[in-house]
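Okay, here's what each chain looks like letter by letter:
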Amino acid sequence: MHVSAKETTTERHVHLTGAKGRRHVREQIRRALQNGELAPGQRLVEQDLADTYGATRNAVRDALIDLSAEDIVTLVPQRGARVRVITVEEAVQITECRAALERLCARKAALMASDKQLAELREIGEKMAEAVETGAFDTYSAFNRRMHALIVDASGQTVAKRQLDRLNNQMVRYQFHLALRPGRSAVSLVQHLDIINAVCNHDPEAAAAAITAHLDSVIEQLQATPQHTGI
């Protein structure tokens, strides 16, 4: 069917609204944080976000309220919204909480993961190794997140998943910058492969120990981050 130029132009300017628009803006802001496109303390202007993400201002406003509840965004009365700044000390505490929950999930995943999930874990390990070898750090970071999420899913621990989603959403920028540190990905790759092997070998204690070793290493890296970086 032929579409006129007028119809195409009108369609192009239709902005998402309601729950769909709200969800879309939330996801896009999280992705922008993961990619380093938004900086800590950066002002978030509703109209700019609406134009960038193709949503109405009401949808943007609702999404910012959601992200504020997740401690990703700070809402200041009469002054609008900004990306919340996470201090190094807070990042360490978040990682400590994350470690406790991920140990639980790793133990359960080692006992409960399906054959399909185990196959995907092994494939992720292979792709992470390829990414490190080729220097594709953004790809490595994406598989890193997928590996942790898959282990949580395999554990069946839905309560832990909700809490980890909240914690990880606050940490995305730190995770992005840690992955870019020289030599860091090679070190963390070995740790991730240890986690994958333990889960795939159905060894809950080894899986918990591997998660602990990895996140202890993350904490060490965080503590080495200068306080003034504003990451």
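First things first, this report covers the structure right here in the doc.

Rules and cut-offs
Residues numbered from 1 in each chain as written. Predicted model: local features only at pLDDT ≥ 70, side-chain atom pairs only at ≥ 80, totals over all residues. Heavy atoms only, no water. Helix = DSSP H or I, 4+ residues; strand = E, 2+ residues; numbered from the N terminus. Expected span 1.5 Å × (residues − 1). Buried < 20%, exposed > 50% of the residue type's maximum accessible area, 1.4 Å probe, protein only. Arc of directions from axis to C-beta. 1 Å grid on protein atoms, 1.4 Å probe; cavity = no way out; pocket = protein on both sides within 12 Å on 5 of 7 lines; lining within 4 Å. Points joined across faces, edges and corners; volume = space filled by probe spheres on them. Salt bridge = Lys/Arg side-chain N within 4 Å of Asp/Glu carboxyl O. Pairing = 2+ DSSP bridges. Contact = heavy atoms within 4.5 Å. Axes fitted to C-alpha atoms, helices over the stretch in contact; angles between N-to-C directions.

This part takes up helix α6 (residues 115-134). Helical geometry: 3.6 residues make up each α-helical turn, so side chains three or four residues apart lie on a common side. With 20 residues, α6 should cover 28 Å at 1.5 Å per step; its first-to-last C-alpha distance of 29 Å lies within 8% of that length. Residues of α6 that are buried: Gln-117, Leu-118, Leu-121, Ile-124, Gly-125, Met-128, Ala-131 and Val-132. The arc that holds the buried residues of α6, viewed along the axis, is 135°, so those residues lie on one side. Opposite the buried face of α6, by more than 90 degrees, sit the exposed residues Asp-115, Lys-116, Glu-126, Glu-133 and Thr-134.

Okay, the layout of surface pockets next. By volume, the second largest pocket is sized at about 200 Å³. In this structure, the second largest pocket is lined by 15 residues; those nearest its centre are Leu-44, Glu-46, Leu-64, Gly-80 and Ala-81. Those elements giving two or more residues to the lining of the second largest pocket turn out to be β1 (43-44), α3 (46-53), α4 (57-69), β2 (73-76) and β3 (80-83). It is α4 that provides the largest number of residues to the lining of the second largest pocket, a total of four residues.

Moving on, we get to the pattern of salt bridges. Tallying each qualifying case throughout the model produces 14 salt bridges. Close ionic contact of Arg-84 with Glu-90 constitutes a salt bridge, the shortest N to O distance being 2.8 Å. Residue Glu-120 pairs with Arg-146 through a salt bridge whose shortest N-O separation is 2.9 Å. Of this pair, Glu-120 sits in helix α6 while Arg-146 sits in helix α7 (residues 137-155), and the two are 26 residues apart along the sequence. Assessed through its relative accessible area of 27%, Glu-120 is described here as partly exposed.

So, about the sheet that holds β3. What the three strands build is an open sheet, ordered β1-β3-β2; its pairing is antiparallel. Two strands bound the open sheet, and with one partner strand each, they are β1 and β2. In this fold α4 packs onto β1, β2 and β3, with an angle of close to 115° to the strand it touches most, β2.

Purely geometric numbers; function is a separate question.
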